[in-house]
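Chain by chain, the residues:
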Amino acid sequence: MTAPINDWQELTRLTGGRAFTVERVRLTDTGIAIEGAFAPPQLARLTGDDQVFVAAFLRSHGSIKEMEQMFGVSYPTVKARLNRIAASLEFIDESPSPTHDEVLARLERGEITADEAVAALKAQHP
């Protein structure tokens, strides 16, 4: 049995930046294990250096001036790195369109009018 990997940075180092899939997740407080194919979180897929950079950016409350001082680099260098990291991340739509079934359920409950339901359904299939 191998030692558990407790740190995403260590996992990133071990995988050499190559894509990987997590196949088993164990809930430490219950001992329950779930097996399947799970994609790691986006931030865990960044290089170890980029993970440190993002954590530093968050700790500085997004202050590029602090980032310049921390890393000893210029404003354009910080911006370029942030832009490169941001471009590698997929952003999740926080307000996705309701599904066909959700629109119909809202109509049935009287939360929306028939015209609003038609508009919502048309918006799904422009």
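From a predicted model like this one, the values you see are computed outputs, not experimental measurements.

J.: How do you make sense of the pattern of salt bridges when you look at a structure like this?
T.: Scanning all chains against the criterion turns up 5 salt bridges. With a closest N to O distance of 3.5 Å, Glu-35 and Arg-24 form a salt bridge. Of the two residues, Glu-35 is situated in strand S2 (residues 33–38) and Arg-24 in strand S1 (residues 22–26); the sequence distance between them amounts to 11 residues. Given a relative accessible area of 53%, Arg-24 falls into the exposed group. Where Glu-111 meets Arg-106, a salt bridge forms, and the shortest distance between an N and an O atom there is 3.2 Å. Assessed through its relative accessible area of 44%, Glu-111 is described here as partly exposed. Three or more residues joined by partner-sharing salt bridges are found here, namely Asp-50, Arg-81 and Arg-84.

J.: Would you explain a nonpolar patch on the surface in this entry?
T.: A surface patch of nonpolar side chains, amounting to about 300 Å² of accessible area, comprises Val-25, Leu-27, Ile-32 and Ile-34. Within the element layout of this structure, Ile-34 appears in strand S2. Relative accessible area serves as the criterion here: at 39%, Ile-34 is assigned to the partly exposed category.

J.: Help me understand the packing of helix H3 (residues 64–71) against helix H4 (residues 75–88), please; the structure alone is not making it clear to me.
T.: Think of two packed helices as two axes; the pair is described by the angle between the axes and how far apart they sit. Contact geometry for H3 and H4: axes closest at 9 Å, N-to-C directions at 105°. Taken together, the axes of H3 and H4 are roughly perpendicular relative to one another. From H3, Ile-64, Met-67 and Glu-68 reach across to H4, where they touch Tyr-75, Val-78, Lys-79 and Leu-82. Residues of the contact of H3 with H4, tallied by class, amount to 5 nonpolar, no polar and 2 charged.

Rules used throughout
Residues numbered from 1 in each chain as written. Predicted model: local features only at pLDDT ≥ 70, side-chain atom pairs only at ≥ 80, totals over all residues. Heavy atoms only, no water. Salt bridge = Lys/Arg side-chain N within 4 Å of Asp/Glu carboxyl O. Helix = DSSP H or I, 4+ residues; strand = E, 2+ residues; numbered from the N terminus. Buried < 20%, exposed > 50% of the residue type's maximum accessible area, 1.4 Å probe, protein only. Patch = residues over 30% accessible without salt bridge, like charges linked within 9 Å, V, L, I, M, F, W, Y side chains within 5 Å. Areas by Shrake-Rupley, 256 points an atom, 1.4 Å probe, with all protein chains shown as cover. Axes fitted to C-alpha atoms, helices over the stretch in contact; angles between N-to-C directions. Parallel < 35°, antiparallel > 145°, perpendicular 65-115°, else oblique. Contact = heavy atoms within 4.5 Å. Nonpolar A, V, L, I, M, F, W, Y, C, P; charged D, E, K, R; others polar.

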